[in-house]
Amino acid sequence: MPGAPAAGAGPHVMHNNVLGHDNDMSAAIETGGFVASAVRTDAPPAIVMDKVNKWFGALHVLRDVDLQVAAGERVVVCGPSGSGKSTMIRCINRLETHQEGRILVDGVELSDDVRALDAIRREVGMVFQSFNLFPHLSILENCTLAPIWVRKMPKKQAEELAMEYLTRVKIPEQAKKFPGQLSGGQQQRVAIARALCMKPKIMLFDEPTSALDPEMIKEVLDTMVMLAAEGMTMICVTHEMGFARQVADRVVFMDRGEVVESGTPDQVFNDPKTERLKLFLSQILRGH
Amino acid sequence: MSDITLNAAAANPEATPRNPPVATTGPIAWVRENLFSGWLSTAVTLLLGYLIIRSVVGFVDWAFINAIWSVPVVNGVAQTQSCRELHGAGACWAVVTEKHRFMLFGTYPYDEHWRPAIVCVLFVALYIVSAMRRFWNWTLIPIWAVMLTLIGILMWGGVFGLSYVPQERWGGLPITLILATFGLAFAFPLSILVALGRRSNLPAIKVLCVLYVELIRGVPLISLLFMASVMFPLFLPEGMNIDKLLRAQIAIILFAGAYLAEVVRGGLQALPKGQYEAADAMGLTYWQKTGLIILPQALRLVIPPLVNTFIGFFKDTSLVLIIGIFDLLTAGKTAIVEPAWQGFGVEVYVFVGLIYLVFCFAMSKYSQALETDLNRHSRR
Ligand SMILES: Nc1ncnc2c1ncn2[C@@H]1O[C@H](COP(=O)(O)OP(=O)(O)O)[C@@H](O)[C@H]1O
Ligand SMILES: [Mg+2]
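Remember, it's a predicted structure, so these values are computed and weren't measured experimentally. (Residues numbered from 1 in each chain as written. Chains lettered and ligands numbered in written order. Predicted model: local features only at pLDDT ≥ 70, side-chain atom pairs only at ≥ 80, totals over all residues. Heavy atoms only, no water.)

1. Description of the packing of aromatic side chains
Next up, step 1: In this structure the tally under the stated criterion is 17 aromatic pairs over all chains.
Next up, step 2: Here tyrosine 286 of chain B and tryptophan 287 of chain B contribute two aromatic rings whose centre-to-centre distance is 5.0 Å and whose plane-to-plane angle is 85 degrees, an arrangement assigned as edge-to-face.
Next up, step 3: The exposure class assigned to tryptophan 287 of chain B is exposed, which follows from its relative accessible area of 57%.
Next up, step 4: Put simply, the rings of Phe123, Tyr127, Phe314, Tyr356 and Phe359 of chain B touch in pairs and so form one group of aromatic residues.
Next up, step 5: It is lysine 54 of chain A that lies over the ring of phenylalanine 56 of chain A; its NZ or CZ is 4.7 Å from the centre.
Next up, step 6: Looking at arginine 194 of chain A, its charged tip hangs above the ring of phenylalanine 134 of chain A, at a distance of 4.6 Å from the centre. (Phe/Tyr/Trp six-rings, centres within 6.5 Å; stacked < 30°, edge-to-face > 60°. Buried < 20%, exposed > 50% of the residue type's maximum accessible area, 1.4 Å probe, protein only. Lys NZ or Arg CZ within 6 Å of the ring centre and 35° of its normal.)

Dropping the structure here:
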């Protein structure tokens, strides 16, 4: 994690980190400024969640979740463990089904209609905490699978596309290897490239750096910053405050299945309104 | 911390890795450590060594030194007097020399034995081709179709100037290979469908698959074979008769299918949920996901139990002897019914056993090689 190398760095330093003054990533905004917002308010919203409710058995995991994400907008979702963050973004590509309310992705409503679902899954890429690469396929095959079978692209063209994205995530030389031969950070970058090969309009990230060793977090975050700079619509569950400050147009705080607060990174991190958010912020500061 | 390492390296710049002390490596050290590490271990080693040497010497005496390889035949009757005079001190391989064609090909017309012999070679060729990963694609289907047609033509005849041989006269090794090959070739795909069905979201399919597996697994193969041979014809309209071999074949397919399905299901369950989710998230259809992601991984996880079941069924085909089908084992048993050869069962069973062993051992070795080959890349 940026700015968190030393065992001796105390809460004071970390606090600065959250405030964004002592952070190489935030510095990048000020100097480079390449992550300027790409929100297009003219276009129809990329994602609409309207009073979405979901239960696991008797457990009410999503409570009246309302969320609108504009095309090109970058949303960071944070909140305590078990608050329903994963469930929420997994509802967007229907890895989980919601029971009440409406979800529209790129104007198409999610329902039991298989064709609508296929259409949505082509447009939405997902990156998981545990990478979920296919261990029996080479890196290149991992990336060409969906273009070939879902987009019906000729193999050669799919391979060129895959190499292009592998170059973008800076690991073209690993194309012939297998996932088990790569480090965690490299695997996660392959997972990002694999999702990008479908040329999705929306990317979902579910704690993409949580399973990584500290020294690999930056390489993955850098890749995501690059993606954000290109204007990709992103929803990202993460606790990387530096990343959130640098790229997020909006930070959404969830607790116990509800969206509790939502606003710019500054509003959410520096000026929390609710006790729950204050408690959460103090806890992640202590936790790190 | 890093300073300390640096200093250590600087103090001893040419620190090369040292070899371990000689006394702890090499064959002599191994023997001392594993065979003679104490008085008890020494005693056990000596005792077992004595027993092993004794039985090996005894076997060599029986099987080779004292053995009789052929006997004279007078007026078509084998003169086994010399064998009987051995009183078991040596093997009478003459029974194999005389009877091997009957054991291998049963009651198939003697002059036409070259046909089942070619069939056996074709089967082995088919196994070898199917075992090569280079052929693991659609080409395998036409190869099988052509081979099986050839095998059918050779066995039945009736075309191309080959004389017709009814199925009742087939016997020996070809029967065993037919039952095992068709049995597993159909049971394996069936078992994959059943295993997938058991995990289906559709209740009707799920119930059907569970019922099939539980019902079939709950009865012995012998009773299934009896049902196939005795009861099944009762349900058929009068005059219609399905070949006995085919009925036994179906019983074996159904039985093997149920067992293999459980093995395959184990592999499906061992796959992490994330693999299913990643495939879903990229928009693959159910069959694409199953064929490209799930099965290739699930099946390689279960190669050892899968081959274990294959080997079991290869040998279980010999149970068809109870409904009077003339497989390899039945042919062997029948060979020693002849008065001249009565009492030489051991030699016959050693011969038949060796044939089974060759096939099963090949399967076992192949599965080990396949497993290492396929798992080369995955660190699990
Ligand atoms: N498949 C499931 N079955 C039952 N409960 C689940 C399942 N997945 C998640 N949950 C529960 O739903 C709640 C929200 O989980 P999740 O969305 O994973 O939270 P987060 O990602 O914020 O940590 C948790 O209490 C979790 O235990
Ligand atoms: Mg989660």
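2. Examining helix H13 (residues 286-301) of chain B
An α-helix turns once every 3.6 residues. As a result, residues three or four positions apart point the same way.
Next up, step 1: When the local axis directions of H13 of chain B are compared, the greatest deviation, roughly 45 degrees, occurs at isoleucine 294 of chain B, which is followed within four positions by the proline proline 296 of chain B.
Next up, step 2: Along H13 of chain B, the residues that are buried comprise Gln288, Lys289, Thr290, Ile293, Ile294, Leu295, Gln297, Ala298, Leu299 and Arg300 of chain B.
Next up, step 3: For H13 of chain B, the secondary structure elements touched by its buried residues are helix H5 (139-149) of chain A together with helix H8 (173-198), helix H11 (244-270), helix H12 (273-281), helix H14 (303-316) and helix H16 (345-374) of chain B. (Bend = angle between axes of the 7 residues up to and from the residue. Helix = DSSP H or I, 4+ residues; strand = E, 2+ residues; numbered from the N terminus. Contact = heavy atoms within 4.5 Å.)

3. Focus: the interface of chain A and chain B
Next up, step 1: The interface of chain A with chain B comprises 24 residues on the first partner and 21 residues on the second.
Next up, step 2: For the chain A and chain B pair, buried surface summed over both sides reaches about 2000 Å², with 62% attributable to carbon and sulfur atoms.
Next up, step 3: Summed over the three residues of chain A that lose the most area to chain B, namely Arg121, Phe134 and His136 of chain A, the buried surface amounts to 27% of that side.
Next up, step 4: Where chain A touches chain B, the interface holds one salt bridge.
Next up, step 5: Two residues, arginine 90 of chain A and glutamate 277 of chain B, come together in a salt bridge whose shortest N-O distance is 2.7 Å.
Next up, step 6: On inspection of chain A and its partner chain B, the count reaches six residue pairs in polar contact (both at pLDDT 80 or more).
Next up, step 7: Going through the elements one at a time, strand E6 (124-127) and H5 of chain A are the ones with two or more residues in the side of chain A that touches chain B.
Next up, step 8: The element best represented in the side of chain A that touches chain B is H5 of chain A, accounting for three residues.
Next up, step 9: Among the residues making up the side of chain A that touches chain B, the classes are represented as 15 nonpolar, five polar and four charged. (Buried area = accessible area lost by both parts, 1.4 Å probe. Salt bridge = Lys/Arg side-chain N within 4 Å of Asp/Glu carboxyl O. Polar contact = N/O pair within 3.5 Å; in protein donor to acceptor, adjacent residues only side chain to side chain. Nonpolar A, V, L, I, M, F, W, Y, C, P; charged D, E, K, R; others polar.)

4. Overview of the site of ligand 1
All names here are of chain A.
Next up, step 1: Residues in contact with ligand 1, as listed here, are Phe56, Leu59, Val61, Pro80, Ser81, Gly82, Ser83, Gly84, Lys85, Ser86 and Thr87.
Next up, step 2: For ligand 1, an oxygen atom lies 2.4 Å from a polar atom in the side chain of threonine 87.
Next up, step 3: For ligand 1, whose accessible area on its own is 560 Å², the fraction buried by protein is 61%.
Next up, step 4: For the shell around ligand 1, the secondary-structure elements that each account for two or more residues are strand E2 (59-69) and helix H3 (85-92).
Next up, step 5: Sorting elements by how many residues they give to the shell around ligand 1 places H3 first, with three residues.
Next up, step 6: Broken down by class, the residue content of the shell around ligand 1 amounts to four nonpolar, six polar and one charged. (Near = heavy atom within 4 Å. Areas by Shrake-Rupley, 256 points an atom, 1.4 Å probe, with all protein chains shown as cover.)

5. With respect to the pattern of salt bridges
Next up, step 1: For the structure on display, the rule yields 28 salt bridges over all chains.
Next up, step 2: A salt bridge links lysine 201 of chain A to aspartate 106 of chain A; the nearest nitrogen and oxygen atoms lie 2.9 Å apart. In this pair, lysine 201 of chain A sits in the loop between helix H7 (184-196) and strand E7 (202-206) while aspartate 106 of chain A sits in the loop between strand E4 (100-105) and strand E5 (108-109), placing the two residues 95 residues apart along the sequence.
Next up, step 3: Here glutamate 258 of chain A makes a salt bridge to arginine 276 of chain A, at a shortest N to O gap of 3.2 Å. With glutamate 258 of chain A in strand E10 (residues 258-263) and arginine 276 of chain A in helix H11 (residues 275-287), this residue pair connects regions lying 18 residues apart in the sequence.
Next up, step 4: Residue classification places glutamate 258 of chain A among the partly exposed residues on the basis of a relative accessible area of 29%.
Next up, step 5: Where salt bridges share partners, they join Arg198, Glu214, Arg217, Glu262 and Arg265 of chain B into one cluster.

6. Some details on the state of the cysteines
The bond known as a disulfide is covalent and runs between the sulfur atoms of two cysteines.
Next up, step 1: Tallied over the entire structure, the rule returns zero disulfides over all chains.
Next up, step 2: Here cysteine 360 of chain B is not cross-linked by a disulfide; its sulfur's nearest cysteine counterpart is in cysteine 120 of chain B, at 15 Å. (Disulfide = S-S within 2.5 Å.)

7. So, the sheet that holds E5 of chain A
Residues and elements named next belong to chain A.
Next up, step 1: A sheet is described by the order of its strands in space; here four strands give the open sequence E2-E1-E4-E5, paired in antiparallel fashion. Every interior strand has two partners, whereas the edge strands, E2 and E5, have only one.
Next up, step 2: In terms of strand pairing, E4 meets E5 through two bridges, oriented antiparallel. Bridging from a neighbouring strand, valine 105 pairs with valine 108 of E5.
Next up, step 3: Taken strand by strand, H3 contacts strand E1 (47-56), E2 and E4, and its axis lies near 120 degrees from that of E1. (Pairing = 2+ DSSP bridges. Axes fitted to C-alpha atoms, helices over the stretch in contact; angles between N-to-C directions.)

8. Section: the packing of helix H6 (residues 114-131) of chain B against H8 of chain B
All names here are of chain B.
Next up, step 1: With their axes 9 Å apart at the nearest point, H6 and H8 run at an angle of 35 degrees to one another. The crossing of H6 and H8 is left-handed. Here H6 contributes Pro116, Cys120, Phe123 and Tyr127 to the contact with H8, which in turn contributes Leu173, Pro174, Leu177, Ile178 and Thr181. (Left-handed = near helix turned anticlockwise from the far one by under 90°.)

9. Some remarks on the UniProt feature "transmembrane region" (unreviewed entry) in chain B
Residues and elements named next belong to chain B.
Next up, step 1: Under the UniProt annotation, "transmembrane region" (unreviewed entry) lies at residues 35-53, 113-131, 143-165, 171-196, 208-236, 248-268 and 348-366.
Next up, step 2: Taken end to end, residues 248-268 is 100% helix and 0% strand, and its first and last C-alpha atoms sit 30 Å apart.
Next up, step 3: Each end of residues 348-366 is marked by a C-alpha atom, and these two atoms are 27 Å apart; helix forms 100% of the span and strand 0%. (UniProt positions renumbered as here; feature names shortened; annotations may be inferred.)

10. Side note on the nonpolar core
Next up, step 1: Membership of the largest hydrophobic core comes to 136 residues, with the highest contact counts inside it found for Met49, Met88 and Ile235 of chain A together with Leu268 and Trp341 of chain B.
Next up, step 2: Considering each element in turn, this core owes the most residues, 13 residues, to H11 of chain B.
Next up, step 3: For this core, the domains that each give at least three residues are domain 2 (109-164) and domain 3 (173-325) of chain B.
Next up, step 4: Leave out the neighbours within four places in its chain, and isoleucine 235 of chain A touches Ile47, Leu67, Val69, Val75, Val77, Ile89, Ile92, Met203, Leu204 and Phe205 of chain A.
Next up, step 5: Counting residues in hydrophobic clusters, the runner-up holds 52 residues, among them Cys197, Leu221, Val251 and Phe269 of chain A. (Core = buried A, V, L, I, M, F, W, Y, C linked by side-chain atoms within 4.5 Å. Domains from an automatic or database assignment.)

11. Considerations on the packing of helix H9 (residues 203-217) of chain B against H11 of chain B
Residues and elements named next belong to chain B.
Next up, step 1: Look at H9 against H11: their axes get within 9 Å of each other, and the N-to-C directions meet at 115 degrees. With respect to their mutual orientation, H9 and H11 come out roughly perpendicular. Note that H9 runs across H11; the crossing there is left-handed. For the pair H9 and H11, contact is made by Tyr212, Val213, Ile216 and Arg217 and by Ile253, Leu254, Phe255, Gly257, Ala258, Tyr259, Ala261 and Glu262, respectively.
Next up, step 2: The class makeup of the residues in the contact of H9 with H11 is nine nonpolar, one polar and two charged. (Parallel < 35°, antiparallel > 145°, perpendicular 65-115°, else oblique.)

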